Amino acid sequence: MVTLTELSGLACPYCGRTAGPDTPWAAQAATVWGWCGVKLTTADEVAGLLLLAPLEDATQAMVTCAWVRPGHTGSGYGRQLVQAAAAGLVNQKGRVIVARGSRQHVRCEAPPRDFLRAVGFTRGLDDRLWRLDLDRAVVGERTGVRSVFERLLSSLRPVTPPEPAGGLGRVHRS
C-alpha cells in the first residue's frame, strides 16, 4: 500500500506527474483508508502504481493515477494493481472503483478503456467513466467457492442404504 510519505517519489514514467502528500485527495484517502494507493515493485524499482481518491461516499473510490512502467507492460502488473486496490477497499468496506478511460493515449490519469474492460470494469452512462462493482465481483467469487465447497461436502456424506423391498416391515423367509 502507498502512504502519503511515499507519494512525492512516485513519478509517472510517461508524463512525470507526481502527487505530493499535501494533495487534498491523497490526504483524504489516507485519513479514510490509511493509504492512498498500491504499488508493485520488482528488483527495488516501482514497476506499477495505482492511486485512489475517495468520492463523496467513502465506499467509492476514483482512480487518479495508474501506470505500469515501460518494459513491464503486458506482464499482468496492471491487473495485479487493480486486484490489490480492490482487496484493500473491500477490507475498508469499499464497494466501487470508478476510472476515467482513454481511447488512445496512455495517460496516467485515464487508463486505456481496453485495459479497464479486461480487468472487470464496465462502462457507465458516460462513455468516459468506467466502474468496477466490488460487491458483485466479491459475491460472484464467494458463490463459486461456496458451490465447490458444498459439492465437496455432499460427495463426502455417507450414502443411505436402500430400504428392503416391500416397505418398512420385516423380511420373512420361507
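The coordinates are above.
Residues numbered from 1 in each chain as written. Predicted model: local features only at pLDDT ≥ 70, side-chain atom pairs only at ≥ 80, totals over all residues. Heavy atoms only, no water.

Per the secondary structure count, the protein chain includes four helices and six strands. Counting helices and strands in the order they occur from the N terminus, the protein chain gives α-β-β-β-α-β-α-β-β-α. For the protein chain, with 174 residues in total, the buried portion stands at 34%. Looking at the protein chain alone, contacts between residues at least 24 apart form 55% of all its contacts between residues at least 6 apart. (Helix = DSSP H or I, 4+ residues; strand = E, 2+ residues; numbered from the N terminus. Buried < 20%, exposed > 50% of the residue type's maximum accessible area, 1.4 Å probe, protein only. Contact = heavy atoms within 4.5 Å.)

The next thing to look at is the environment of aspartate 127. Mapping aspartate 127 onto the fold places it in the loop between strand S5 (122-123) and strand S6 (129-133). Residue classification places aspartate 127 among the partly exposed residues on the basis of a relative accessible area of 25%. Remark: the alpha-carbon pair of aspartate 127 and arginine 113, spanning 14 residues in sequence, is separated by 9.6 Å. Aside from chain neighbours lying at most four places away, what touches aspartate 127 is Arg103 and Arg113.

Taking strand neighbours across the sheet as the criterion, the six strands line up as S1-S2-S3-S4-S6-S5 in an open arrangement whose pairing is mixed. In the strand order of this sheet, the two ends are held by strand S1 (37-42) and S5, each with one partner. Strand direction decides the pairing type here: strand S3 (residues 60-68) and strand S4 (residues 96-100), joined by three bridges, are parallel. Directly across from alanine 61, in S4, lies its bridge partner isoleucine 97. (Pairing = 2+ DSSP bridges.)

To continue, consider helix H2 (residues 77-91). With 15 residues, H2 extends 21 Å between its outermost C-alpha atoms, agreeing within 8% with the 21 Å of an ideal straight helix rising 1.5 Å per residue. Among the residues making up H2, those that are buried are Tyr77, Gly78, Leu81, Val82, Ala85, Ala86, Gly88 and Leu89. Remark: lysine 93 follows H2 within two positions and exhibits a positive phi of approximately 70°. (Expected span 1.5 Å × (residues − 1).)

So, on to the pattern of salt bridges. Within this structure, the stated rule accounts for six salt bridges. We note a salt bridge from aspartate 135 to arginine 95, for which the minimum N-O separation is 2.6 Å. Note that aspartate 135 is positioned in helix H4 (residues 134-156) and arginine 95 in the loop between H2 and S4, a separation of 40 residues in sequence. Assessed through its relative accessible area of 29%, aspartate 135 is described here as partly exposed. The closest approach of N and O atoms between arginine 107 and glutamate 109, which form a salt bridge, is 3.2 Å. Residues participating in the shared-partner salt-bridge network are Arg17, Arg107 and Glu109. (Salt bridge = Lys/Arg side-chain N within 4 Å of Asp/Glu carboxyl O.)

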